[in-house]
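Notes for the structure review
Here's the letter readout for the chains.
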Amino acid sequence: TENAIAPGADFSVIGGGYLNFISESASNAVIVGGQQNLIDSNAWGSVVGGLVNQVGKRSPASVVGGGVNNKVFDDVTAAVVEGGERNRIRAFSSYAVIGGGVANVMSNTSESAVIGGGSSNVMADNARSAVIAGGTLNRIGADSYHAVVSGGIQNMALSENSVVPGGFGNTAAGGASFAAGLLATAAHDGSFVWSDARGTPFSSITNLEFAISASNG
């Protein structure tokens, strides 16, 4: 099988597969199977299977459940990539989760944040406890604690406690703001903006505003 466990990786196990490797001092680590999976040094994590998955250095209790080319980077505690392809949890995003999907990225220091799935979704730096449930090309901005994008396409939540429930091209930029529909922008703190399907951009103009664009009232 040509699997290998380096010296000092005490009590570590590789259950099967091919060309899997557990690095030095990665004690109590487990690779169940698959091919070319890696648990790096001082990371007592787990790779369940799949192909070319990795748990980085000093990332204790982190897990890659399977899939292809998924990675938990260095210095991440108890993070999980459940599967999918080319998903990334970057440094110091401890307790973060990527449920699956393709090419989703959890950036640095986004502790306890979640990307449920979808594709090409991005959690920017320090977006602690924020959630992207799914969809495509959605983004939560830097320092946007507790922000939520539930799904849709090309939506952004860019401030603390901001919410986009779905739709297309919506932006919740103000603190505790809400944007929904099509091309709605909640640009101000506490604003609520909804725009209908005409495809005309519609934005808030002041804080604490309730703004609706609906062609038929």
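Notes on the environment of Val114
Residue position: Val114 is located in strand β14 (residues 114-115). Residue classification places Val114 among the partly exposed residues on the basis of a relative accessible area of 29%. As for Val114 and Gly99, which are separated by 15 residues in sequence, their C-alpha atoms are 7.8 Å apart. Setting aside residues no more than four positions away along its own chain, Val114 makes contact with Val97, Met106, Met123, Ala130, Val131 and Ile132.

Details of the pattern of salt bridges
Per the stated rule, a full pass over the model turns up three salt bridges. For Glu85, the salt bridge goes to Arg86, with nearest N and O atoms at 3.7 Å.

Some remarks on the nonpolar core
One finds Ile22, Ile39, Ile89, Met106, Met123 and Ile140 to be the most contacted residues of the largest nonpolar core, which totals 36 residues. When near neighbours in sequence (up to four residues on either side) are disregarded, Met123 contacts Val105, Met106, Ser107, Ser110, Ala113, Val114, Ile115, Ala130, Val131, Ile132 and Ile140.

Points about the side chain of Asn20
Within the fold, Asn20 resides in the loop between β2 (13-14) and β3 (21-22). A polar contact is formed between the side chain of Asn20 and the backbone oxygen of Gly34, at a distance of 2.9 Å.

So, the pairing of strand β24 (residues 192-195)
The alternating pattern of β24 places Val193 and Ser195 on a buried face and Phe192 and Trp194 on a face that is not buried. As paired elements, strand β22 (residues 178-181) and β24 share four bridges and run parallel to each other. Considered in β24, the bridge of Gly181 is made with Ser195. In the sheet, β24 pairs with strand β26 (residues 210-213) via four bridges, with the strands oriented parallel. Bridge assignment links Phe192 to a residue of β26, and that residue is Phe210.

Here we look at the packing of aromatic side chains
Evaluation of the coordinates by the stated rule reveals two aromatic pairs. Here Phe178 and Phe192 contribute two aromatic rings whose centre-to-centre distance is 4.5 Å and whose plane-to-plane angle is 10°, an arrangement assigned as stacked. In this pair, Phe178 is assigned in strand β22 and Phe192 in strand β24, connecting sequence segments 14 residues apart. With centroids separated by 5.0 Å and ring planes inclined at 25°, the aromatic side chains of Phe192 and Phe210 adopt a geometry described as stacked. Here Phe192 is found in strand β24, whereas its partner Phe210 is found in strand β26, with 18 residues between them in sequence. Among the residues examined, Phe192 registers a relative accessible area of 30% and is labelled partly exposed. Feature note: the residues Phe178, Phe192 and Phe210 constitute an aromatic cluster, connected by ring pairs. Over the ring of Phe73 we find Lys71, and its NZ or CZ is 4.2 Å from the ring centre.

Structural notes on the environment of Met123
Mapped onto the elements of the fold, Met123 is located in strand β15 (residues 122-123). Taking C-alpha positions, Met123 is 10 Å from Ile98, a pair spaced 25 residues apart along the chain.

About the criteria used
- Residues numbered from 1 in each chain as written.
- Predicted model: local features only at pLDDT ≥ 70, side-chain atom pairs only at ≥ 80, totals over all residues.
- Heavy atoms only, no water.
- Helix = DSSP H or I, 4+ residues; strand = E, 2+ residues; numbered from the N terminus.
- Buried < 20%, exposed > 50% of the residue type's maximum accessible area, 1.4 Å probe, protein only.
- Contact = heavy atoms within 4.5 Å.
- Salt bridge = Lys/Arg side-chain N within 4 Å of Asp/Glu carboxyl O.
- Core = buried A, V, L, I, M, F, W, Y, C linked by side-chain atoms within 4.5 Å.
- Polar contact = N/O pair within 3.5 Å; in protein donor to acceptor, adjacent residues only side chain to side chain.
- Pairing = 2+ DSSP bridges.
- Phe/Tyr/Trp six-rings, centres within 6.5 Å; stacked < 30°, edge-to-face > 60°.
- Lys NZ or Arg CZ within 6 Å of the ring centre and 35° of its normal.

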